[in-house]
Amino acid sequence: MPSRCPLDDHIGVVEVLIQEGFRTFAAPVTGAALSDLTAIFGARAAIGVTRVVDAAQVVTAVEKGAAFVLADVATDDVAQAALEAGVPCYGAAMTPGEVRAALALPLAGVLVYPADVVGHAYAARLAELGLLDRAVPMGGLGAYATGEWFKAGAPAACLDTTLLGDAYQGGSLSALRDRTGSFISTEQKLRDRSAD
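Just so it is clear, the model here is predicted, and its values are computed rather than measured.

Reading guide: rules and limits
- Residues numbered from 1 in each chain as written.
- Predicted model: local features only at pLDDT ≥ 70, side-chain atom pairs only at ≥ 80, totals over all residues.
- Heavy atoms only, no water.
- Helix = DSSP H or I, 4+ residues; strand = E, 2+ residues; numbered from the N terminus.
- Rg over C-alpha atoms; globule rule 2.2 N^0.38 Å.
- Buried < 20%, exposed > 50% of the residue type's maximum accessible area, 1.4 Å probe, protein only.
- Contact = heavy atoms within 4.5 Å.
- Areas by Shrake-Rupley, 256 points an atom, 1.4 Å probe, with all protein chains shown as cover.
- Pairing = 2+ DSSP bridges.
- Axes fitted to C-alpha atoms, helices over the stretch in contact; angles between N-to-C directions.
- Right-handed = clockwise from strand over helix to strand, strands pointing away.
- Core = buried A, V, L, I, M, F, W, Y, C linked by side-chain atoms within 4.5 Å.
- Parallel < 35°, antiparallel > 145°, perpendicular 65-115°, else oblique.
- Left-handed = near helix turned anticlockwise from the far one by under 90°.
- Nonpolar A, V, L, I, M, F, W, Y, C, P; charged D, E, K, R; others polar.
- Disulfide = S-S within 2.5 Å.
- Salt bridge = Lys/Arg side-chain N within 4 Å of Asp/Glu carboxyl O.

**Here's the deal with the overall build of the chain**
Next, step 1: Secondary structure summary: the chain contains ten helices and six strands in total.
Next, step 2: The C-alpha radius of gyration of the chain comes to 16 Å, within 12% of the 16 Å expected for a compact globule of 196 residues.
Next, step 3: Principal axes of the C-alpha set define a box for the chain whose edges measure 45 × 40 × 30 Å.
Next, step 4: When burial is assessed residue by residue, the chain has 42% of its 196 residues classed as buried.
Next, step 5: Counting contacts in the chain only where the partners sit at least 6 residues apart, residues at least 24 apart contribute 45% of the total.
Next, step 6: Carbon and sulfur atoms provide 54% of the accessible area of the chain, an area that totals close to 9,200 Å².

Next up, the structure:
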């Protein structure tokens, strides 16, 4: 979700995504819409924050109703602030060493960011190292790459502009609804495969 967006723009986009089966969203911590989004959609979706860089932002976000924190940093003070506030926190990491160091903190997991830079093949490598079960890719993921992360064992994925497209710039919400189909069908195929 963009940070400098009027609430009305968020409402249409989030409503379409909820109708299509998405239940978890993150708004930029510096955005003004978090409290309103939580009030409007909190009963149907988990609304968290992204772009968190310090403990003070964690506290502010939780006061505004954030259900989770996606941090640009994997530091002990951010992790501790989220732990004390009782919300899951994921801190950014990229290399296997960074992922290991982040997982040593009291974090719910790590954000592999930017995931499009390392590519979806990286998921299998993290799995080989035993580091994927709490690693969530974020950044530039298309439906195919998201599916590859899930196949390798990632517990979730953070989707952004590839899914949203121009929906926040006045683009068609019908086109957004169409784009959701490729992500939902990828997830459904994986669930069907694991049920066999």
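Here the narrative resumes.
**Regarding the sheet that holds strand β4 (residues 89-93)**
Next, step 1: In spatial order, the strands read β1-β2-β3-β4-β5-β6; together these six strands make up an open sheet with parallel pairing. At either margin of the open sheet sits one strand with a lone partner, and together these are β1 (24-28) and β6 (135-137). Pairs of neighbouring strands in the sheet enclose a mean axial angle of 30°, with direction left out of account.

**Let's talk about the pairing of strand β2 (residues 46-52)**
If a strand is regular, its side chains alternate between the two faces of the sheet.
Next, step 1: Along β2, five of the seven residues are buried, which leaves the element largely enclosed by surrounding structure.
Next, step 2: Looking at chain direction, β1 and β2 are connected through five bridges and run parallel. The residue bridging A26 from the neighbouring strand is G48, located in β2.
Next, step 3: The parallel pair β1 and β2 is bridged by helix α2 (residues 34-41), and the resulting crossover is right-handed.
Next, step 4: Bridge analysis of β2 against strand β3 (residues 69-71) gives three bridges, and the strand direction is parallel. Paired with V49 across the bridge in β3 is V69.

**Examining the nonpolar core**
Next, step 1: The biggest cluster of nonpolar side chains holds 55 residues, and the ones touching the most others in it are L126 and W149.
Next, step 2: With five residues, the single largest contributor to this core is helix α1 (residues 7-19).
Next, step 3: Beyond its immediate sequence surroundings of up to four residues, W149 is in contact with V112, A115, V118, G119, H120, Y122, A123, L126, L132, P137, L141 and A154.
Next, step 4: The next biggest cluster of nonpolar side chains, apart from the first, holds seven residues, and it includes A26, V136, M138 and C158.

**Things to note about the packing of helix α7 (residues 121-128) against helix α8 (residues 143-152)**
Next, step 1: Between α7 and α8, the least distance of the axes is 8 Å, while the angle of their chain directions is 15°. By the criterion of interaxial angle, the relationship of α7 to α8 is roughly parallel. Viewed along their axes, α7 and α8 form a crossing whose handedness is right-handed. Across the interface between the two elements, Y122, A123, A124, L126 and A127 from α7 touch E148, W149 and A152 from α8.
Next, step 2: In terms of residue class, the contact of α7 with α8 is made up of seven nonpolar, no polar and one charged.

**Some points on the state of the cysteines**
Next, step 1: Throughout the structure, instances matching the rule amount to zero disulfides.
Next, step 2: Here C89 stays free of any disulfide, with the sulfur of C158 as its closest cysteine sulfur at 12 Å.
Next, step 3: We classify C158 as buried; its relative accessible area is 17%.

**Considering the pattern of salt bridges**
Next, step 1: Per the counting criterion, the structure on display carries five salt bridges.
Next, step 2: With a closest N to O distance of 3.0 Å, R51 and D72 form a salt bridge. Linking R51 in strand β2 with D72 in the loop between β3 and α4 (76-85), this pair joins segments that are 21 residues apart in sequence.
Next, step 3: Across the pair E148 and K151 runs a salt bridge, and its minimum N-O distance is 2.8 Å. Placement of the pair is E148 and K151 together in helix α8, with a separation of three residues, close to one helical turn.
Next, step 4: Taking relative accessible area as the criterion, K151 reaches 46% and is therefore assigned partly exposed.

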